[in-house]
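Breakdown of the fold
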Amino acid sequence: MGRLIINVAMTVNGAFEAPAAEPQGGWLVTDPYSMQAGLEMWQAADAMVLGRRTYEGLAAAWPQLAHVPGFEAYAARMNGMPKYVASRSLTGPLEWNATLLEGDLATTMRHLKDEHDGNLIVPSAGEFARDLIAHDLVDEFWFTVSPYLWATGPRIFDDIGPVRLNLVNTTTFPSGVVRLCYQPTPASTT
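Residues numbered from 1 in each chain as written. Predicted model: local features only at pLDDT ≥ 70, side-chain atom pairs only at ≥ 80, totals over all residues. Heavy atoms only, no water.

**Thoughts on the side chain of Glu140**
Within the fold, Glu140 resides in strand β6 (residues 140-146). Other than its neighbours up to four places away in sequence, Glu140 contacts Arg3, Leu4, Ile5, Ile6, Tyr182, Gln183 and Pro184. (Helix = DSSP H or I, 4+ residues; strand = E, 2+ residues; numbered from the N terminus. Contact = heavy atoms within 4.5 Å.)

Given below as structure tokens:
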């Protein structure tokens, strides 16, 4: 059975949207080690699972990065991997190697998890991720935390909770970036 994993880059104080890289005036801190760990995560994943907004944003960006130095391997994986898109407004067929998910979200996601053995990565913290959390469909949360306090932008999961999490793993990179992996505590123990 596949594992549904919400994977989000964020600041220490929870800003998550539009993570422009640090030299271009943003908060996203990277180093060769954290970049390699991120690439390995994507290479090991079975598929990406997206809401409409994230799908539209990523589908517009990643094909353009295929020949940008330093992004070739990332772009090859992001552009080539299977994607599943949950949307109430899109109609198929979709571009960018994507399949439209139809029907009840909880039922559809359970079927998708049954069809896969590996990780199904949800790269967002928006409305779709909140719906997955509300339906108790998330198996793990992976937060890549950049060492910044950022004054603008939405904060991750402000309107969700309480959800008790158990720490599974931490990785600290030379740049000060920390990856935190959590699993939700079963409802019966909270």
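**Observations concerning the packing of aromatic side chains**
In this structure the tally under the stated criterion is 7 aromatic pairs. With a centroid separation of 6.1 Å and an interplanar angle of 20 degrees, the aromatic rings of Trp62 and Tyr74 are classed as stacked. With Trp62 in the loop between α2 (52-61) and α3 (72-80) and Tyr74 in helix α3, this residue pair connects regions lying 12 residues apart in the sequence. For Trp62, a relative accessible area of 12% translates into the label buried. An aromatic cluster is built from Phe141, Phe143, Phe157 and Tyr182, whose rings are joined through pairwise contacts. (Phe/Tyr/Trp six-rings, centres within 6.5 Å; stacked < 30°, edge-to-face > 60°. Buried < 20%, exposed > 50% of the residue type's maximum accessible area, 1.4 Å probe, protein only.)

**Thoughts on the confidence of the model for the protein chain**
When pLDDT is averaged across the protein chain, the result is 91; 94% of the residues are at 70 or more. When pLDDT is averaged over each helix and strand of the protein chain, the minimum, 93, is found for helix α5 (residues 127-134) and the maximum, 98, for strand β5 (residues 119-122). (pLDDT = per-residue confidence, 0-100.)

**Brief notes about unusual backbone geometry**
Among all residues save glycine, negative phi is the norm, and among peptide bonds the norm is trans. Omega for the peptide link from Gly92 to Pro93 comes to 0 degrees, which places this bond in the cis form. Along the polypeptide, Pro93 turns up in the loop between β3 (83-86) and β4 (98-101). With phi around 55 degrees, Asp136 is a residue other than glycine that occupies positive phi space. In this fold, Asp136 is placed in the loop between α5 and β6. The phi angle at Phe157 is positive, at roughly 50 degrees, despite the residue not being glycine. Structurally, Phe157 can be placed in the loop between β6 and β7 (165-172). Among the residues examined, Phe157 registers a relative accessible area of 13% and is labelled buried.

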